[in-house]
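Residues per chain, in single letters:
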Amino acid sequence: MAGRVSVTRQAGGFGESSTYVTARPVSQSTACAGKREAVWPSGPIPSNTASNRSGGADSAWEAAAAAPPPAAAAATSTTLPIVEVRSPQDFDDLCVRASATPPPVGGPVILDLYADWCGPCKQLTPKLEALVTAAGGTVRLAKVNVDNLPEIAQALQVASLPTVMLLHGGKIVDSFKGVLPDDKVKEFVDKAVALAGGPDASGPKALEEAAALLEGGDIPAAAAKYAEICALPELAAAAKAGLALCALQDDQLSAAQDLVADLTKNHAADLEAPPVRKAIAAVALAVDAPEGGRPVSELRLALEADRDDHAARYELAQRLLVSGEQADAIDELLLIVRRDKAWSDGAARLLLLKVFDALGSGHELTKKGRRRLSNFLNI
């Protein structure tokens, strides 16, 4: 029976006992000899490769490029908030490995051991699902139908249903049987959230932290955070979009273009998501930025001589965008639309839409600019 996993219950910890999951061979005869041990097919828990990455921006680009496409990642995903365990391998991937992986990629896992014929299970499971969903991805609920997977029920020595266990760091640290009062069930889930590091340990919160790091100019830290989040299939597109923005700020246009190409190829369903649209638009603006041409001072002189020189004003807006002066660039482009909305096949309007996408729908410049653009187009 080499390669199976031993589950040994020891006194202490939370609840009745703590159950330690260790990767050492045991024999079936030993498992059934009354020593509170049992086995199921599995393998050793690997180290968390994401947590071993270095923090530099270049390593983040490489880590993102090496990540599996979403379909492959989803096949062994440990990140979805509610999962159904359908095999011993699922249990290993979605429960044991997930609990041994730090948030936001992993974290505590609540095991809901149930059966279709169990009435109390049907009362408890929806409550657990609602509480885990409300936790926003901080913890996971793994549902195990004991009739379909009796070997797991035997390994965990499940004697009655429903049985709920909390798995953290590769060991079961708490459990209860039956249907508890609602406040006690919530207390159990809250304990799991606390073990994860609190509500801020979820994937969406990690995305917010990465965006804040990027906004603050800490590109290496932001890139490392985004690269870690790439391991979450449901957030991989947003994370790669963030990496593309990091690459732009790090003057790595080629890397940003590669990330956008990856988004287009592997995340077609997410291309309209605001973070992805923002990154794609920002990279497009960088690619379209003019090289050479007239300096800003010369362009301003040209406009003083002829305020209807839309070509000069458009070029000035492009120059301002390159230098990060988005507000002034938007003003120049809106002036073109106001005076001649059809100029150059609506080039000013099209560039404005790219700028708004690059800034994001929640940006104040975008909200104000869109209102002004709508007013000018309707004149």
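Residues numbered from 1 in each chain as written. Predicted model: local features only at pLDDT ≥ 70, side-chain atom pairs only at ≥ 80, totals over all residues. Heavy atoms only, no water.

Student: Explain the environment of L111 here, please?
Tutor: In this structure, L111 sits in strand β5 (residues 109-114). Take L111: its relative accessible area is 0%, and that puts it in the buried class. Taking the C-alpha atoms as reference, L111 lies 5.4 Å from V164; in sequence the two are 53 residues apart. (Helix = DSSP H or I, 4+ residues; strand = E, 2+ residues; numbered from the N terminus. Buried < 20%, exposed > 50% of the residue type's maximum accessible area, 1.4 Å probe, protein only.)

Student: Would you mind going over the nonpolar core with me for this structure?
Tutor: Proteins that are soluble and globular tend to have nonpolar side chains buried together. Formed by 58 residues in total, the largest nonpolar core has its most connected members in Y226, L333 and L352. Top contributing element to this core by residue count: helix α10 (residues 236-249), with ten residues. Core analysis: the next-biggest nonpolar cluster, separate from the first, contains 24 residues, A142, L149, L156 and L167 among them. (Core = buried A, V, L, I, M, F, W, Y, C linked by side-chain atoms within 4.5 Å.)

Student: Even after reading the chapter, I still don't get α10, so can you show me in this structure?
Tutor: Helical geometry: 3.6 residues make up each α-helical turn, so side chains three or four residues apart lie on a common side. For α10, which comprises 14 residues, the first-to-last C-alpha distance of 20 Å matches the rise-based estimate of 20 Å (1.5 Å per residue) to within 8%. Where burial is concerned, most of α10 is hidden: 13 out of the 14 residues are buried. D251, located one to two residues past α10, shows a positive phi value of around 60°. (Expected span 1.5 Å × (residues − 1).)

Student: What's the story with the pairing of β5 in this structure? I'm lost.
Tutor: The side chains of a regular strand alternate between the sheet's two faces. Taken across its six residues, β5 has six buried, putting it largely inside the fold. Relative to strand β6 (residues 140-145), β5 is paired through six bridges, and the arrangement is parallel. Bridged to D112 within β6 is K143. With respect to chirality, the unit in which β5 leads through helix α5 (residues 119-134) into the neighbouring parallel β6 is right-handed. Sheet analysis places β5 next to strand β7 (residues 163-168), joined by five bridges and oriented antiparallel. Its bridge partner being in β7, L111 is matched across the sheet by M165. (Pairing = 2+ DSSP bridges. Right-handed = clockwise from strand over helix to strand, strands pointing away.)

Student: Even after reading the chapter, I still don't get the pattern of salt bridges, so can you show me in this structure?
Tutor: A pair can form between side chains of opposite charge whenever their charged atoms are brought close. What the rule picks out here adds up to 19 salt bridges. Note that R372 is salt-bridged to D331, the shortest N-O span being 2.9 Å. Residue R372 is found in helix α17 (residues 364-377), and its partner D331 is found in helix α15 (residues 326-339); the two are separated by 41 residues along the sequence. Notably, a salt bridge pairs K367 with E364, separated by 3.7 Å at the nearest N-O pair. In this pair, K367 and E364 are both assigned in helix α17, three residues apart and thus about one turn of the helix distant. A single network of salt bridges, built from pairs that share partners, joins E272, R277, D357 and R370. (Salt bridge = Lys/Arg side-chain N within 4 Å of Asp/Glu carboxyl O.)

Student: How should the layout of surface pockets be read in this particular structure?
Tutor: If you roll a probe as big as a water molecule over the atoms, it shows you where there is empty space left. Taken as a whole, the largest pocket encloses approximately 1300 Å³ of empty space. Surrounding the largest pocket, 38 residues form its lining, L245, L248, Q249, A282 and A358 being those nearest its centre. Residue composition of the lining of the largest pocket, grouped by class: 24 nonpolar, nine polar and five charged. (1 Å grid on protein atoms, 1.4 Å probe; cavity = no way out; pocket = protein on both sides within 12 Å on 5 of 7 lines; lining within 4 Å. Points joined across faces, edges and corners; volume = space filled by probe spheres on them. Nonpolar A, V, L, I, M, F, W, Y, C, P; charged D, E, K, R; others polar.)

Student: Help me understand the packing of aromatic side chains in this model?
Tutor: For any two aromatic rings, the description comes down to two numbers: the centre-to-centre distance and the angle of the planes. One pass over the full model with this rule turns up two aromatic pairs. Aromatic pair F176 and F188: ring centres 5.0 Å apart, planes at 85°, arrangement edge-to-face. Of this pair, F176 sits in strand β8 (residues 171-177) while F188 is found in helix α7 (residues 182-196), placing the two residues twelve residues apart along the sequence. Each of the two residues, F176 as well as F188, counts as buried. Measuring from centroid to centroid gives 5.6 Å for Y314 and W343, while their planes differ by 50°, and the two rings are tilted. Taken as a pair, Y314 in helix α14 (residues 310-322) and W343 in the loop between α15 and α16 (347-359) lie far apart in primary sequence, 29 residues in all. Taking the relative accessible area as the measure of exposure, Y314 reaches 18% and is therefore buried. (Phe/Tyr/Trp six-rings, centres within 6.5 Å; stacked < 30°, edge-to-face > 60°.)

Student: Quick question: what am I supposed to make of the packing of helix α9 (residues 219-229) against α10 here?
Tutor: Relative orientation of the contacting elements α9 and α10 amounts to 160°, with a least axis distance of 8 Å. When the interaxial angle is binned, α9 and α10 end up roughly antiparallel. As for the relative orientation of α9 and α10, their crossing is left-handed in sense. Contacts between α9 and α10 pair I219, A222, A223, Y226, A227 and I229 from the former with A238, A239, G242, L243, C246 and Q249 from the latter. By residue class, the composition of the contact of α9 with α10 is ten nonpolar, two polar and no charged. (Axes fitted to C-alpha atoms, helices over the stretch in contact; angles between N-to-C directions. Parallel < 35°, antiparallel > 145°, perpendicular 65-115°, else oblique. Left-handed = near helix turned anticlockwise from the far one by under 90°. Contact = heavy atoms within 4.5 Å.)

Student: I would appreciate a short explanation of the environment of A281 in the present structure.
Tutor: Structurally, A281 can be placed in helix α12 (residues 274-288). By relative accessible area, which is 8% here, A281 ends up buried. A281 has contacts with K354, D357 and A358, leaving out every residue within four places of it along the chain.

Student: So what exactly am I meant to see when it comes to the packing of α10 against α12 here?
Tutor: Angle between the axes and distance between the axes are the two parameters that describe a pair of packed helices. At a closest axis distance of 8 Å, the pairing of α10 and α12 adopts a crossing angle of 30°. The angle between α10 and α12 places the two elements in the roughly parallel class. For the crossing formed where α10 meets α12, the hand is left-handed. Contact with α10, carried on its side by A237, A238, A241, A244, L245 and L248, involves P275, V276, K278, A279, A282, V283 and A286 of α12 and no other residues of that element. When its residues are assigned to classes, the contact of α10 with α12 shows twelve nonpolar, no polar and one charged.

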